[in-house]
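Summary of the model geometry
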Amino acid sequence: MSYPLSSEKDGIKIKPDKMQPETLYHCVFQNKVMLVYKDQNEILNCYEIDDSKIVSKVKEANNGDIEKILEDYIEKENLQKK
């Protein structure tokens, strides 16, 4: 199965029919990490992260490491909001 997100010069291409529900997909576009997932109701949810440190880490990481990078980022953001 091909990856459902791709970053192209004119934007991000999303193939929802290739997405598994409740699975987070990512790509880098214009120095932002774009996160997309399809919930159980088949609704697409999209988020972007423009923190340059996170974008750099994601660009350099293996696919297995990206989830850990994002978890650390989310934990850090949640702690700062308290």
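Scroll up for the structure.
So, here is what we can say about the structure in this document. These figures come from a predicted structure and were not determined experimentally.

**A few points about the pattern of salt bridges**
Under the criterion given, the structure shown has four salt bridges. When the shortest N-O distance is used, the salt bridge between Lys 13 and Asp 10 registers 3.5 Å. According to the relative accessible area criterion, Lys 13 is partly exposed, its value standing at 34%. Exposure remark for Asp 10: the relative accessible area of 58% places this residue in the exposed category. The shortest N-O distance in the salt bridge between Lys 68 and Asp 72 comes to 2.9 Å. Pair noted here: Lys 68 and Asp 72 are both in helix α2 (residues 63–81), with a separation of four residues, about one helical turn. Looking at Lys 68, the relative accessible area reads 48%, which means it is partly exposed.

**Some remarks on unusual backbone geometry**
Note on backbone geometry: most residues besides glycine have negative phi, and most peptide bonds are trans. You will see that Asn 31, though not glycine, has its phi angle at about 55 degrees, which is positive. Tracing the backbone through its elements, the reader meets Asn 31 in the loop between β3 (25–29) and β4 (32–38). In this model, Glu 42 sits at a positive phi of 70 degrees, which is unusual for a non-glycine residue. When you line up the elements, Glu 42 lands in the loop between β4 and β5 (44–49).

Calculation notes
Residues numbered from 1 in each chain as written. Predicted model: local features only at pLDDT ≥ 70, side-chain atom pairs only at ≥ 80, totals over all residues. Heavy atoms only, no water. Salt bridge = Lys/Arg side-chain N within 4 Å of Asp/Glu carboxyl O. Buried < 20%, exposed > 50% of the residue type's maximum accessible area, 1.4 Å probe, protein only. Helix = DSSP H or I, 4+ residues; strand = E, 2+ residues; numbered from the N terminus.

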